[in-house]
Each structure stands twice: as C-alpha cells, then as structure tokens.
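One-letter residues, chain by chain:
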Amino acid sequence: MKKNNNCSDKDTVVHVSGVKIFYGSQTGTAKGFAVELSEEVKTLGIPAEVTDMKDYDPDDQLADECTSKSICVFIVATYTDGQPTENAEWFCKWLEEASTDFRYGKTYLKGLRYAVFGLGNSVYVGHFNTVGKNVDKWLWMLSGMRIMTRGEGDCNVVKSRNGSIQADFLAWKVKFLNRLQALAKGEKKSCSGNCKTGGTCDIQPEPSAAENCESSSDEDESGLQDEKKSGSVVDMEDLGNIMNSAKKAMVRLHPLKIEDEGERREMITPALREALTKQGYKLIGSHSGVKLCRWTKSMLRGRGGCYKHTFYGIESHRCMETTPSLACANKCVFCWRHHTNPVGTEWRWKMDPAEKILQDAVEKHQNMIRQFRGVPGVKPERYEEGLAVKHCALSLVGEPIMYPEINTFIRLLHSHHISSFLVTNAQFPQEIRSLEPVTQLYVSVDASTKDSLKKIDRPLFKDFWPRFLDSLKALGEKRQRTVYRLTLVKAWNVEEMQAYSELIALGQPDFIEVKGVTYCGESSASSLTMANVPWHQEVVAFVQQLADMLPQYEIACEHEHSNCLLIAHTKFKVEGEWWTWIDYERFQELVQAHEESGGQQSFSALDYIAKTPSWALFGASEQGFDPADTRFQRRNKTKDISGC
C-alpha cells in the first residue's frame, strides 16, 4: 500500500470523491436505508452508489477503495442468531478471515475511510447488532479509518434510542451527512506527523458521548488497539476485561433507570401510526387497533361469509376484527401486515385500560360499517345487524395475549354478549394457562419441526421451541374449544406429515384448521412468491393424508374460497352428524355462570355445540359457500387479502 505523504507536520486536508454504500439485508430495511442515504448524498453534489454485498468481491476490490478517496458505508443487518444475512455472508466471512490472516497484513486496508450502521433487535441478548460490530472491528483491525462512530438501529421499539429503527437511522444519517460535508470541504485535522516515519495518518476522531450510539467507547477502542497490536486472538480473560470496561463506559454514558408507567414509551410511534393508518387500520390509544375484514364487507352485500361462518356459524357481517396489542413476538414470513407492527418478548409500553380499548374498538368498527349505508348491493337488514357487534376475532395483528389486561378485556367482551375468538402464536405458555375461558382459542402451528418453525415464524425468543411445545401442552389443558391453525407454505412445511401428527397428539385440539398460505404481494419483509401458494386440491390432499394418520379425527368442513379445510375430533360427530357450529347464546349463559361462581362452575366444549348445516360439510357441492348468499366473482381487480 502507498504511504500517505500528502500532509505536513501540522495538518492534512481530506477530500471526498464519492460515497460507496454497501448493504446486507434480510427483510429489505437495510437496502431501503442504503438507497435513502444515497439520494441524500447526491443532493450534496457528491456521487454515490449502492452495492449489494453479494455482488461485491472484497478479495479483488476492497483494497482499491483505499486509494479512491471515496467513503465506504456499510449498512448491515444481524439475523436472529447473530449471523449476517445471506447476501452479506461471504463478505463478512472474508473480512473476518482477512483481519487475522498474516498474508494480508495489519495495514491491508490502510487508507480506507468507512462508516458502519448496524440493524438488529435488542431482544436477542448477546446477538444485538453483532454483524455491525464485527464489520466495524474487522475493518479497524486491517487499518481502516473510521470517520465517525458506528450507528445502531434497534427493531425493538421499547429499547430503540429514538423510538424506532427508522428514527435511529435518521439520527445517525444526519451526523454522517454533516461529517461528510466537512470532509468534502477539506476540513483540516491535526496530524501527529507519523506518516513521515512510516506510521499511519488516520485522522480518526474519538467519539463523543453525544455521538455514541451504543458503539465502541474509548475503553472499547483501546481494547481493539491492544488486539490489533497483538495480531492474534484475544485471550478469554482479556476479553472479559475488555467487555467489563465497555459495560462500565456505557453505564457512565447511559445510566439505566427503572421506568414507571408514566415514563414508559407508547407502542405506536409517529412513524408506525402513519404506516398502519395507510394500511387502513383504525388505531386505538397507544397500542391497539381495529380494521374491517373483507368478509364483513362481503356478507353485508350477501356475497358470502368467511370460513368461520362455514365452520362455526359466526355471522361475518357482525364480526369485529381487533387486537389489544399490535406487538408480536414473531416475524412470520407470510404475515400479511408486512411487519410494520412492533416486535417484543414482553410488555414494556404504556398500557391503556381494557374498558377504553373495547369502547373505542366498537365505536370505530361501527363507524366503518356506517360507511356502507346506502351503498349499492348492501342488504338493509344486514347493515342494521352489522352495527351490533356479536363476535370478536382477536387475530388482527400482533399477539393479543401479550396485553397484560387480556383477561379483563375478554370478560368485557362476554359482558356485552360478544363471542371471543383469540389467536396466539404459541410463545406464551403461562399466559395461555392463566387465560379466562374464551369461545374458541387458537394456536398457530406454522411448522412441525424446530428448524422449519425458526425459518417460517422467525421467533424472537431464543427458547422458542420449548415455549412452542409448552404452549401446545397448555392448550390441551383447556376445557373450552381449542384449535390448531396450520398454514401450508408450499416447499417450506408441507412435507412434515409425521411431525404434525405428533404435535396434534401433544395438544389434543378439538379442531385443526388447515389453510393454504395467502400471497400478500411482493414485500421486502418476505421472500414468498405465488409459487409458495398451494392449490386447493393440494391442500385437500395434504389434509386427507394427515387425517388418515389421526385415529380420532376426520375431515368435517371445507371453505374452498379461503383454501381452507377443517379436521374435527370425532367427539363432535353425534350419531353420524357433525356438530362443529357454536350455540352462541348457550356459551354466554355458561360463561356468565362461570363468572358469577368465581370460576368454580366450569364447562366444556361439548356444552355449547350446534349442528353443522349440510352445505358446510366436506364433499358438499357448495364447497362451503352458504347457498343463502350469491357468489360474486371479481374480474381484473386486485384481490383484497385482508381478513382473519
């Protein structure tokens, strides 16, 4: 490498020829940040280019950046287990090996000016922004010159320094652009004169407390210097000392304090509110929401109800889809919310009272129904019925069982004679056990093995598999109606037949809903395509094979329009006829008696059953479509994929 001989004993001038932005992205967030930064840099009159790390060979090209007078920016995401994303895997592997390979030498990247912004989730203790930290460290060990403090974005809105990962990036971006402008103008920095004697001329300011975004502190950097000087791997005892020093420095800079309810942040940040509002959500308070299901609209017009109408007899036009918690502990690849909702493993936000949430939810739902007054095709009698909410699907988005007052909310629903259909993602077994009786309790069983569950649900909990299994056991302890909800993702989880049957034996659910995944359109949050959506006949074939492996279960119902089938326990087949529907009035009587007895008077799923009509049964010519309605076929219109 060439020595820097352009400086005097007292100062040096640094210029910028351009900015090269490299990104490693899992869901597209890092890529979006890279493009955003590129556009901002160009407005300053400085050339900028964005490069996917998978398209860049660092072995052949990275050393060239040392003499190009450009600034290299690395925006990298950390996957759940602390590993780099797939498109950054080779780049990071090469950089790690080069940083300790004597063939490259300690000064291999001398002259490379760089900045790093890492994306991660602080719920993964021990893995938070590992990739960003490592890239920063490895570049530094190869004599790269950090032009500013590493930035860190946190997907966990509870601990995000600025309230969201977007806000974290914005704060870092402003600092970067200011620093870039100073460098482009030829900002003068003091020079030690080491370059004249063969040393480095790294004009590298120490980060101030104001700039430090959970990045390398002074003591942390001194540790890196020691590591760099040794040219070897850090001893475990020394590593412990380095980490302790870094932690002490962080405590001095950012002392922890115990938050009371008044100090806690609101779950819905301004950016999140804007994103969810654009998607049609009616937000309630600081952490809840309600949205009109497309099947509600359909049944108002007499165009058919959802699969819950076919399987269980709900009136879709009287169903309110809501959630008391927009946050979730999973980031499922097929989530139709495109991961705009916050994530977390525990409740750390401000909390709204259950009474206020229900009141506002019903009011906002009714206001959405009122918008259909006088709309052509809407049946007047169903419009009037729709204003009186009879069912509540707690499946809108997020994890409703995370809400600390979920039992209060459920009791309020029942006191208003509203049935409760609650869906949980099988990560909170204790909350399932302590849950009050609901009309029907669902657990999402999106995969049947540890590896496939991690791949599909992308859970935040490190012990997600034991939690998953324990949640199924907890479901099996319930006396009221229980359901496994299986979502089939072609080429991902449809081959795990035996494992599914074992999970069913574990929780002994009353019903098993099997539904083909719904394609929600192209999204940076998911790699799914239409190729992952099974045809209805493929779902039927899967269900038939699965039912054959379950001695106490048979296929009961079908809703072809939703690509969904119902497997039911044979205890619901009375004298050869299926009774999968629900007697909602009887349920309200039973739950009221349970409440008045202080929980002493219990009841079971068989105490509030109703007979299933013939058109809803598997094999019927209607294929689950209510003959009282008229099927409507859309043509040349984008399919509305919202719904429960």
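Heads up: the structure comes first, above all this text.
Just so it is clear, the model here is predicted, and its values are computed rather than measured.

Draft legend 1. Examining the side chain of Thr-323 more closely. Mapping Thr-323 onto the fold places it in strand S11 (residues 319-323). Of the residues examined, Thr-323 reaches a relative accessible area of 1% and is grouped as buried. Side-chain polar atoms of Thr-323 contact the backbone oxygen of Val-397, separated by 3.1 Å.

Draft legend 2. Quick peek at the nonpolar core. Among the nonpolar cores identified, the biggest contains 83 residues, and Val-445, Leu-486, Ile-512, Val-514, Phe-542 and Leu-546 are the most heavily contacted of them. Of the residues forming this core, the biggest block, seven residues, is contributed by helix H11 (residues 354-370). Those residues in contact with Ile-512 that sit more than four places away from it in its chain are Tyr-484, Leu-486, Ile-504, Leu-550, Tyr-553, Leu-565, Leu-566 and Ile-567. Counting residues in each nonpolar core, the second largest holds 30 residues, with Cys-319, Cys-557, Leu-566 and Ile-609 among its members.

Draft legend 3. Examining the packing of aromatic side chains more closely. In total, this model carries 25 aromatic pairs according to the counting rule given. Consider the rings of Phe-74 and Phe-91, whose centres lie 5.7 Å apart with planes at 45 degrees: the pair is tilted. Within this pair, whereas Phe-74 is found in strand S4 (residues 70-77), its partner Phe-91 is found in helix H3 (residues 89-99), the two being separated by 17 residues in sequence. Judged on exposure class, the residue Phe-74 and its partner Phe-91 are both buried.

Draft legend 4. How the structure looks around helix H1 (residues 29-43). For H1, spanning 15 residues, the distance from its first C-alpha to its last is 22 Å, which sits close to the expected 21 Å at 1.5 Å a residue. Downstream of H1 by one or two residues, Gly-45 has phi in the positive range, about 80 degrees.

Draft legend 5. Fine view of unusual backbone geometry. Residue Lys-69 is not a glycine yet carries a positive backbone phi of 60 degrees. When its relative accessible area of 53% is taken as the criterion, Lys-69 is described as exposed. Its identity as a non-glycine residue notwithstanding, Asn-129 has a phi of 55 degrees, on the positive side. Within the secondary structure, Asn-129 is located in the loop between strand S5 (113-120) and helix H4 (130-141). Assessed through its relative accessible area of 0%, Asn-129 is described here as buried.

Draft legend 6. Structural context of the sheet that holds strand S14 (residues 440-444). In space, the ten strands of this open sheet follow the order S9-S10-S11-S12-S13-S14-S15-S16-S18-S17, with mixed pairing throughout. Only two strands of the sheet have a single partner each, and these edge strands are strand S9 (282-284) and strand S17 (553-559). Shown here is a sheet whose adjacent strand axes are inclined to one another by a mean of 25 degrees, direction ignored. The pairing of strand S13 (residues 419-424) with S14 spans four bridges and is classified as parallel. Bridge pairing in S14 places Thr-424 opposite Val-443. Sitting on the sheet, H11 touches S9, strand S10 (288-291) and S11, and the angle it makes with S9 is about 165 degrees.

Draft legend 7. Quick look at the environment of Pro-404. Position of Pro-404 relative to the elements: it lies in the loop between strand S12 (391-394) and helix H13 (406-415). Sequence separation between Pro-404 and Glu-431 is 27 residues; the distance between their C-alpha atoms is 9.2 Å. Residue contacts for Pro-404: discarding those within four places in its chain leaves Trp-347 and Met-351.

About the criteria used
Residues numbered from 1 in each chain as written. Predicted model: local features only at pLDDT ≥ 70, side-chain atom pairs only at ≥ 80, totals over all residues. Heavy atoms only, no water. Helix = DSSP H or I, 4+ residues; strand = E, 2+ residues; numbered from the N terminus. Buried < 20%, exposed > 50% of the residue type's maximum accessible area, 1.4 Å probe, protein only. Polar contact = N/O pair within 3.5 Å; in protein donor to acceptor, adjacent residues only side chain to side chain. Core = buried A, V, L, I, M, F, W, Y, C linked by side-chain atoms within 4.5 Å. Contact = heavy atoms within 4.5 Å. Phe/Tyr/Trp six-rings, centres within 6.5 Å; stacked < 30°, edge-to-face > 60°. Expected span 1.5 Å × (residues − 1). Pairing = 2+ DSSP bridges. Axes fitted to C-alpha atoms, helices over the stretch in contact; angles between N-to-C directions.

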